[in-house]
Amino acid sequence: MTAPVIIRTAEPGDREEVRELVREAFSSEDRDGLEEVGIVDSTWTLDAARRDLELVAVEEGAIVGHVMAADGDLAGREVVAVAPLAVTPTRQGEGIGHALMTELLRRADEAKLPLIVLLGFPDYYGRFGFEPSGPLGITYRPVGEDNPHFQVCRLSAYDPTYRGDFTYCWEAPG
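Residues numbered from 1 in each chain as written. Predicted model: local features only at pLDDT ≥ 70, side-chain atom pairs only at ≥ 80, totals over all residues. Heavy atoms only, no water.

Student: What exactly am I supposed to notice about the overall build of the protein chain here?
Tutor: Counting its regular elements, the protein chain contains 4 helices and 11 strands. Computed over its C-alpha atoms, the radius of gyration of the protein chain comes to 16 Å, within 12% of the 16 Å expected for a compact globule of 174 residues. Counting only residues that meet the buried cut, the protein chain has 44% of its 174 residues in that class. Pairs at least 24 residues apart make up 67% of the contacts formed inside the protein chain by residues separated by at least 6 positions. Here the protein chain has roughly 8,800 Å² of accessible surface; of this, 50% comes from carbon and sulfur atoms. In the protein chain, which carries 16 positive and 31 negative side-chain charges, the distance between the mean positions of the two groups comes to 5 Å. (Helix = DSSP H or I, 4+ residues; strand = E, 2+ residues; numbered from the N terminus. Rg over C-alpha atoms; globule rule 2.2 N^0.38 Å. Buried < 20%, exposed > 50% of the residue type's maximum accessible area, 1.4 Å probe, protein only. Contact = heavy atoms within 4.5 Å. Areas by Shrake-Rupley, 256 points an atom, 1.4 Å probe, with all protein chains shown as cover. Lys, Arg positive; Asp, Glu negative; His and termini not counted. Charge placed at Lys NZ, Arg CZ, Asp CG, Glu CD.)

Student: It is not clear to me how the nonpolar core should be interpreted in this structure. Could you clarify?
Tutor: It is characteristic of soluble globular proteins that their nonpolar side chains tend to be buried jointly. Membership of the largest hydrophobic core comes to 24 residues, with the highest contact counts inside it found for Val67, Val82, Met101, Leu104, Leu105, Ile116 and Phe130. Only β4 (49-59), β5 (62-74), β6 (77-87), α3 (96-110) and β7 (115-119) provide two or more residues apiece to this core. Broken down by element, the residue count for this core peaks at 6 residues, all from α3. The contact partners of Leu104, leaving out residues within four places of it in the chain, are Leu53, Leu55, Val67, Ala69, Val82 and Ile116. (Core = buried A, V, L, I, M, F, W, Y, C linked by side-chain atoms within 4.5 Å.)

Student: It is not clear to me how the packing of aromatic side chains should be interpreted in this structure. Could you clarify?
Tutor: For any pair of aromatic rings, the description rests on two quantities: the centre-to-centre distance and the angle between the ring planes. Applying the stated criterion to the full structure yields 10 aromatic pairs. With a centroid separation of 6.3 Å and 45° between ring planes, the pair formed by Tyr125 and Phe128 is classed as tilted. For the pair formed by Tyr125 and Phe128, the shared burial category is buried. Chaining the aromatic ring pairs together yields one cluster made of Tyr140, Phe150, Phe166, Tyr168 and Trp170. Above the face of the Tyr162 ring, Arg77 is positioned so that its terminal group lies 3.7 Å from the ring centre. (Phe/Tyr/Trp six-rings, centres within 6.5 Å; stacked < 30°, edge-to-face > 60°. Lys NZ or Arg CZ within 6 Å of the ring centre and 35° of its normal.)

As structure tokens, then:
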């Protein structure tokens, strides 16, 4: 019988294992996953990760999944963004990413955050309530206006005055 996967808040001692997991999760024949590792490292360096919204999935003492949410800027207002969500390649498609996102959104809603943004596949993130950001007046310039991959999940404290251009923490000027 397989041990259950436990979702818990990430701790500083998890970082090396998380780096390797992220690299593996985003690597393929033509990619090395280092862009996503760079995002994680930059977020940690800037101390921008929301401690309660950086989660790991642990099975038998090994980290098999990770999700990070960090502060970003939406037209001068602080907004939380997810980047990245990673699952060990051999465990993808088994619900680990779903469990991580579900817990992250539960915690974000409990914290009375108005919304969460991310850049990702609409078919995957739509199941969590994410929708294209353009119709809500939120733009991520690097992918262009009305790009369906930049998405918003409106939480129970949603406020429609959150509009404008979004910038991830690692993109913000010093």
